[in-house]
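Structural overview
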Amino acid sequence: MAQLSLDSIKKSYDATEVLKGVSLDIADGEFVSLVGQSGCGKSTLLRIIAGLEAPDAGEVAIDGVPVNDLPPKARNIAMVFQDYALYPHMSVADNLAMPLIMARLPLAARLPIVRHLTPKHRSERPGIRGAVEKVAHQLRIEHLLDRRPAQLSGGQRQRVALGRALVRDPKLFLMDEPLSNLDAKLRVQVRKEIAELHATSGLTFIYVTHDQTEAMTMSDRVALMQGGTFLQVGSPNALYTDPQKLDVAKFIGSPEINVLPGERRGGHVALMGRALNLAIDGEGPVQLGLRPEAIAVADAPGLIFPAELDRAQLIELPFQKRLLEDLGPEILLHGHFAEHPETDVRIRAQKSGKLRMDGPTASRDELTALIDPDMILAFDAAGERLAAHTLALQPAGAA
């Protein structure tokens, strides 16, 4: 295991500034995901950690030792790439053994035919074979050792790529979008296997992805990148429930958070002219974020109204439904509030049973939505989070 420290890392390509002085400390055995849209700098940062790119400024340290001047092979870091990079002419066993052969054997002991005559090859061969068998057992690919990559499925190839990195017993385990070439079902399976591998190995994992689901389900912490900087670093739950910027709230969560215009008047907040029992210091417009599950639907046959909610404490708004998506145990309603038709709104609601698609809820376009002020996330015009607190209930009506 290893602790990693990134201090003010900068990187530019010609006039394009890719990394703008990013800093991050990762503890021994931690699983941290770098997540963000394409072009945000996450893969460049991973390559700098691996030593495949040199930073223009800043320091990379492993276990407190600066490694900026060390080549990749001297950093004891394993990296899994998006395209697996397996040797097609070699068996799985030989692919797994190759990192150990390159690290432990001199050139003469690696040459075909001649290598079998060298004492070094004979002495190291049992240890290499044992390491390969151990990793194959850990990843449940023992039965594939004699096959070649072309004979493997995508998920099997991914496990071989993981094994080839793991067999070296690295300090850091880096992964650059390793699941992007897999179909949806395989992604779920391999995602689980990577999480189990982290739990059993105790290694420090740094995982790059643009898929928030991968980052949220596997990570101890998520570092959300945008434009070469970190917008927020924290636990998956913190980024979802307590985003410090509107861009974080929009990126984390599927479907995307609803953003509605609000007003501060004398410190009190109004949503579409209706007073909320919510206070935010200052005056002027605010942006109010509502997760799709933070909006309840009242008096809708087939849908659950959360028992913990007191309807008297909620703000009631007419909702115009345009589309209903049946997701199995829940539904997703698309539409808008009648008083604000220009803003799309999504509501996620739990089903009480089998919701008939020809039933009253599915066929009705006019529904009643209820909002819990405690679930509102408030942001200023620049997208920065605002502190808000709930007040005693105010009477309904214009603010």
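Calculation rules
- Residues numbered from 1 in each chain as written.
- Predicted model: local features only at pLDDT ≥ 70, side-chain atom pairs only at ≥ 80, totals over all residues.
- Heavy atoms only, no water.
- Helix = DSSP H or I, 4+ residues; strand = E, 2+ residues; numbered from the N terminus.
- Buried < 20%, exposed > 50% of the residue type's maximum accessible area, 1.4 Å probe, protein only.
- Contact = heavy atoms within 4.5 Å.
- Polar contact = N/O pair within 3.5 Å; in protein donor to acceptor, adjacent residues only side chain to side chain.
- Phe/Tyr/Trp six-rings, centres within 6.5 Å; stacked < 30°, edge-to-face > 60°.
- Salt bridge = Lys/Arg side-chain N within 4 Å of Asp/Glu carboxyl O.
- Pairing = 2+ DSSP bridges.
- Axes fitted to C-alpha atoms, helices over the stretch in contact; angles between N-to-C directions.

Assignment of secondary structure puts T343 in strand 18 (residues 340–350). The exposure class of T343 is buried, given its relative accessible area of 15%. Considering only alpha carbons, one finds T343 and R364, 21 residues apart in sequence, at a separation of 20 Å. The contacts of T343, once residues within four sequence positions are left out, are V259, L260, P261, G335 and H336. A polar side-chain atom of T343 sits 2.8 Å from a polar atom in the side chain of H340.

Before going further, it helps to spend a moment on the packing of aromatic side chains. Counted by the stated rule, this structure contains 4 aromatic pairs. When the centroid spacing of 5.4 Å and the interplanar angle of 40° are considered together, the rings of F31 and F205 count as tilted. Here the residue F31 occupies a position in strand 3 (residues 31–35), and F205 occupies one in strand 8 (residues 204–209), the gap between them amounting to 174 residues. Relative accessible area serves as the criterion here: at 0%, F31 is assigned to the buried category. Aromatic side chains F319 and F337 sit 6.0 Å apart centroid to centroid with 75° between the ring planes, which places their arrangement in the edge-to-face category. One end of the pair, F319, is in strand 16 (residues 315–326); the other, F337, is in strand 17 (residues 330–337), with 18 residues separating them in the sequence. Judged by relative accessible area, which is 1%, F337 ranks as buried. Pairwise contacts between aromatic rings join F31, F173, F205 and Y207 into one cluster.

Here the focus is the pattern of salt bridges. By the definition in use, this model includes 18 salt bridges. Residue K245 pairs with E384 through a salt bridge whose shortest N-O separation is 2.6 Å. Note that K245 is positioned in the loop between helix 7 (236–241) and helix 8 (246–251) and E384 in the loop between strand 20 (377–379) and strand 21 (389–390), a separation of 139 residues in sequence. Each of K11, R47, E53 and D56 takes part in one network of salt bridges that share partners.

Read from one edge of the open sheet, 4 strands run 2-1-4-5, paired in antiparallel fashion. Each edge of the sheet is formed by a strand with only one pairing partner; in this case those strands are strand 2 (16–26) and strand 5 (65–66). Of the strand pairs in this sheet, strand 1 (residues 4–13) and strand 4 (residues 57–62) are connected by 5 bridges, and their pairing is antiparallel. Residue pairing across strands places L6 opposite V60, the latter belonging to strand 4. Contacts between helix 1 (residues 42–50) and the sheet are confined to strand 1, strand 2 and strand 4, with strand 1 contributing the most and set at about 120° to the helix.

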